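Residue-level listing of the chains:
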Amino acid sequence: MKENDVFSSFAFYATASLVKMMIMAPLTSRQRHNKRAYQNPEDVVASKLDPSEVKVNEQDQDVQRVKRNHLNDLENIIPFVLVGMFYIAIMPNLDVARWHFRIFFASRILHTIAYQKGKQPARGIMYLIGAVTTTSMAVQVLRALKQFW
C-alpha cells in the first residue's frame, strides 16, 4: 500500500470509522442488559434473570440514545466510505486528503461522546463538521469529473 499514501490513509480512517460504528451494536446490547430493557420476549428468557424483574421495554431512553447514535453513524459513515472511494480515485493532494479523513473521524468520535452525554450544541456541531467534510470530498469528485457530465 506504500505506492498510494492517499489510499493507505483513507483505508486507515475508513476502517477506524467502521469499527467505531460496529462497536455501537454491542454497546446497545450492554445498555439493554444493564437497564434490563429487552426488546423481545425471548431476550428476557435468554437473560436468565427472574422474569418478574425483567420486562420487554422498547422505549428505554438510555437504550434508545445508543440506538439513535448507531443509526446516525450508519447515516454518516457509510456515505463517507463510499464518497471516499471515489475521492481517492481522483488522486487528491495527500495532505488535504489526510485532513479530510482525520477531521471526519475525529468528528464522529466527538459526536458520539456528545450524543451519549446529551450535549448540544456540541453534538450538532460535530455532526455538521463530518457532513461538511464528506460533502467537500463529494464536490471535489464531481468537479474533477465534470468533463463526463
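Residues numbered from 1 in each chain as written. Predicted model: local features only at pLDDT ≥ 70, side-chain atom pairs only at ≥ 80, totals over all residues. Heavy atoms only, no water.

**Student:** Residue-level account of the overall build of the chain, with values.
**Tutor:** Looking only at helices and strands, one finds five helices and two strands in the chain. When the elements of the chain are put in sequence order from the N terminus, they spell out α-β-α-β-α-α-α. Relative to its length of 149 residues, the chain is extended, with a C-alpha radius of gyration of 19 Å against a globular reference of 15 Å. Dimensions of the chain along its principal axes, counting C-alpha atoms only, are 65 × 35 × 30 Å. (Helix = DSSP H or I, 4+ residues; strand = E, 2+ residues; numbered from the N terminus. Rg over C-alpha atoms; globule rule 2.2 N^0.38 Å.)

**Student:** Got a sec to walk through the nonpolar core? Specific residues and values, please.
**Tutor:** It is characteristic of soluble globular proteins that their nonpolar side chains tend to be buried jointly. Counting 16 residues, the largest nonpolar core has Phe 10, Phe 80, Val 81, Tyr 87, Phe 101 and Met 137 as its most contacted members. Sorting the residues of this core by element identifies α1 (5–35), α3 (61–89), α4 (94–117) and α5 (122–144) as the ones contributing at least two each. Broken down by element, the residue count for this core peaks at six residues, all from α3. Ignoring any residue separated from it by four or fewer positions in sequence, one finds Tyr 87 in contact with Pro 92, Val 96, Ala 97, His 100, Phe 101, Met 137, Gln 140 and Val 141. (Core = buried A, V, L, I, M, F, W, Y, C linked by side-chain atoms within 4.5 Å. Buried < 20%, exposed > 50% of the residue type's maximum accessible area, 1.4 Å probe, protein only. Contact = heavy atoms within 4.5 Å.)

**Student:** Would you mind going over α3 in detail, with residue names and values included?
**Tutor:** The end-to-end C-alpha distance of α3 is 42 Å, a good match for the 42 Å that 29 residues give at a rise of 1.5 Å each. A side-chain oxygen of the first residue of α3 lies 3.1 Å from the backbone nitrogen of Asp 62; this N-cap is Asp 60. Immediately beyond the C-terminal end of α3, within one or two residues, lies Met 91, with a positive phi of roughly 55°. (Expected span 1.5 Å × (residues − 1). Polar contact = N/O pair within 3.5 Å; in protein donor to acceptor, adjacent residues only side chain to side chain.)

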